[in-house]
Amino acid sequence: MLCTYHYRLIKASWGIAVDIAAEAEPLPPVLENIKKVDKDLWLGIDIDGLSHSEHEYLALGLRLVAEEIRKAKQISGPILVRVLDLRFNPSDYQPEGLSGAIAGWAGQAFGFAVSDIPVTFDKQNNRYIFQFKGA
Amino acid sequence: MDSSFRSLLYWLRSGPKGGFRRKIAAWHLKRFRFNSTVFYTVQNTEDVLRLRGHGTPWPTDPTRAHLGGGVYAWGNRADAQRYMNNLSRMGVTGLKIIPFRVSHQSLRSFRRLDVDALANPEAWMARYSLLWGGTPEHSFEYIQRGTAIGVEHFFDQSIFRHLRFK
């Protein structure tokens, strides 16, 4: 089922605001344009224009909650998470936020509580620093 | 710029080449350039026409109007270009960088806020920005804030008449 999650993080005059729409489905027999991110968990991104690192941050975010998805899923067998839409304003965006966005989406879609990714704001470099556990 | 002054300028600029009217118009333009600041806004074709008219209808989507209806701009062309490139790669088409000027006198007269100068900018954003769940009832006419791209300059719709687009 398609659902949209609104990821919001702010610790300065700007923040990270990403709206992500995705759906989970059983893994199809033909594996086209999808990537395995963990055992039994695959990611498909149906959006043009994303950079390689943005693809990686989406995969990382899903990997961070892979265990919780496995416990909460109601689909037997492998799962494909398909990202269908991403909305953000470049003024309030950093690619690392995609990890938080897709992890939050998974929590909402599968019904589990997601632990916040520890984030600090580096004022000197005007960047958010994400501390990904086990990344 | 009110419509009678705009008409006067148009009349001066449409005078004969090398004539007195054109000289006055050129002198006025030079003086205004010296006494104004240029900003750069990124807009699609439809919005360029809107801003060259009365500005209405103002966008209301949180990603385009998070501090309210008005003009969001950058203080230099490089920031505007970076912003436009980021939108373009996500499939937004027909974008242009549109410069406009605001006189120093007008800039000084606006009720203004520099969000970065606040002790707790994130609390202010959470209260007044649509993006962070707030409502843009802040009563400021000109707001500056640092972003991921550069400094964003927001001009509220109530002072739109002070923005001079080419």
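Here the focus is the pattern of salt bridges. Using the criterion set out here, one finds 15 salt bridges over all chains in the structure. Between aspartate 19 of chain A and arginine 8 of chain A there is a salt bridge, with its nearest N and O atoms 3.0 Å apart. Pair noted here: aspartate 19 of chain A is in strand β2 (residues 15–26) and arginine 8 of chain A is in strand β1 (residues 3–10), with a separation of 11 residues, a long-range link. Note that arginine 145 of chain B is salt-bridged to aspartate 92 of chain A, the shortest N-O span being 2.7 Å. Taken together, the residues span two chains, with arginine 145 of chain B in strand β5 (residues 142–146) and aspartate 92 of chain A in the loop between β5 (79–88) and α3 (97–110). For the pair shown, arginine 145 of chain B and aspartate 92 of chain A are each scored as buried.

What follows is about the sheet that holds β5 of chain A. Residue and element names in this part refer to chain A. Taken in spatial order, the five strands line up as β1-β2-β5-β4-β3 in an open sheet, and their pairing is mixed. Of all the strands in the sheet, just β1 and β3 (34–38) have a single pairing partner and so form its edges. The average angle at which neighbouring strand axes cross in this sheet is 30°, direction not considered. Judged from the five bridges that link them, strand β4 (residues 41–45) and β5 form a sheet pairing that is parallel. Each residue of the ladder has a partner; that of glycine 44, found in β5, is arginine 82.

Basis of the calculations
- Residues numbered from 1 in each chain as written.
- Chains lettered and ligands numbered in written order.
- Predicted model: local features only at pLDDT ≥ 70, side-chain atom pairs only at ≥ 80, totals over all residues.
- Heavy atoms only, no water.
- Salt bridge = Lys/Arg side-chain N within 4 Å of Asp/Glu carboxyl O.
- Helix = DSSP H or I, 4+ residues; strand = E, 2+ residues; numbered from the N terminus.
- Buried < 20%, exposed > 50% of the residue type's maximum accessible area, 1.4 Å probe, protein only.
- Pairing = 2+ DSSP bridges.
- Axes fitted to C-alpha atoms, helices over the stretch in contact; angles between N-to-C directions.

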